[in-house]
Amino acid sequence: MKTFTSAIELQKVLRHDRTNKKSVGYVATMGYLHEGHASLIENARRENDIVVLSIFVNPLQFGPNEDFASYPRDLDRDENLAVNAGVDYLFYPTVDEMYGENPSVKVVVQNRTDCLCGRKRPGHFDGVATVVTKFFNIILPDRAYFGMKDAQQVAIIDGLIQDLNFPIELVTVDIVREEDGLARSSRNVFLLEDERHEAKELYQSLLRAKDAIISGERNPQKVIALVEEHIKARTKGKIDYVEIYQYPELKLLDVLNGNIIIAVAVKFRHARLIDNIIVTL
Ligand code: PAF
């Protein structure tokens, strides 16, 4: 595995690979890699000649009171995981390399953002879309791999690829869970011991919602109430949202039908966790 901190150096090597007709798969991350990232890399490894992984904690997608400074970072550990998972090129730029002194352009997302994390974290998806656009232009991958844990991010990148005409195939990869069902996340390290135990209830609440829908419940408000009641009764976390939409359009439904996402965000003392489940009727 080769590590790059310079976009120009990485572009040089990739240009050479593309001339040699090598296909390129890309996995974007903010580091502190876990099994969820490993699964993205493994998918990219199977389907491409070259796998590029970026690690960059992107300041643009964090709000002023969010966890940019404390976001977990551990490059040595990440490098090991990346090598073992089969990464060819690790791109690890500085903030200066990505944004310079005074950037003149940013990407603004105007669809699929007025709900879920988009509503709770103003500007977050503009930051994600801006950095992903830059990475796409630097790397020019054939395929880009994103995890369904960030389902709204997937929906927005789907829109970004279509609207800005990136010739890139978006490949979505299922959520990887701990044995008790907790979705893998870099932020899980911030859970206190009792919170870690309670955190499995997020997925349990989503499974209950899925069961109710499969048994015939079609009223979104009733399903939301069920999830809220489950989380409130079993955790000390504070519910940030429980919402249901058509997916990937993220449109509200009066009566549940088609492809549905049930998504939750819960704040624990030092970690805000998100999870979701897709049900197809
Ligand atoms: O999902 C993430 O880790 C980030 O939002 C991404 C896609 C790497 C952009 O910074």
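Our structure's up above, just so we're on the same page.
My aim in this report is to walk through the structure given alongside it, one point at a time. (Residues numbered from 1 in each chain as written. Predicted model: local features only at pLDDT ≥ 70, side-chain atom pairs only at ≥ 80, totals over all residues. Heavy atoms only, no water.)

Topic: the site of the ligand
The environment of the ligand is formed by Ala-28, Thr-29, Met-30, Asn-58, Gln-61, Val-128, Val-131, Phe-146, Asp-150 and Gln-153. A distance of 2.6 Å is found between an oxygen atom of the ligand and a side-chain nitrogen or oxygen belonging to Gln-61. Within the contact set of the ligand, an oxygen atom lies 2.7 Å away from a side-chain nitrogen or oxygen of Gln-153. Contact with the protein chains hides 89% of the accessible area of the ligand, taken as 290 Å² for the molecule alone. Those elements giving two or more residues to the shell around the ligand turn out to be β2 (24-29) and α6 (124-139). Of the residues assigned to the shell around the ligand, the class counts are five nonpolar, four polar and one charged. (Near = heavy atom within 4 Å. Polar contact = N/O pair within 3.5 Å; in protein donor to acceptor, adjacent residues only side chain to side chain. Areas by Shrake-Rupley, 256 points an atom, 1.4 Å probe, with all protein chains shown as cover. Helix = DSSP H or I, 4+ residues; strand = E, 2+ residues; numbered from the N terminus. Nonpolar A, V, L, I, M, F, W, Y, C, P; charged D, E, K, R; others polar.)

Concerning the sheet that holds strand β5 (residues 143-147)
Pairing in this open sheet of six strands is parallel, and the strands run β1-β4-β3-β2-β5-β6 from one edge to the other. Strands with a single pairing partner mark the edges of an open sheet, and in this sheet they are β1 (2-4) and β6 (169-173). Direction aside, neighbouring strands of the sheet carry axes that sit 25° apart on average. Here strand β3 (residues 50-55) runs beside strand β4 (residues 89-91); their pairing, made up of three bridges, is parallel. Residue pairing in the sheet places Val-52 in a bridge with Tyr-89 of β4. In this fold helix α1 (residues 7-19) packs onto β1, β2, β3 and β4, with an angle of close to 150° to the strand it touches most, β4. (Pairing = 2+ DSSP bridges. Axes fitted to C-alpha atoms, helices over the stretch in contact; angles between N-to-C directions. Contact = heavy atoms within 4.5 Å.)

Some remarks on the sheet that holds strand β8 (residues 259-267)
Paired through their backbone hydrogen bonds, the strands of a sheet run either parallel or antiparallel. The three strands are arranged β7-β8-β9 in an open sheet whose pairing can be described as antiparallel. On the outer flanks of this sheet lie β7 (238-246) and β9 (272-280), each paired with one strand and no other. Direction aside, neighbouring strands of the sheet carry axes that sit 10° apart on average. Alignment of β8 against β9, held across nine bridges, turns out to be antiparallel. Across the sheet, Ala-263 pairs through a bridge with Asn-276, a residue of β9. Packed on one face of the sheet, helix α9 (residues 200-214) meets β8 and β9 and runs near 20° to β9. In this fold helix α10 (residues 220-234) packs onto β7 and β8, with an angle of close to 155° to the strand it touches most, β7.

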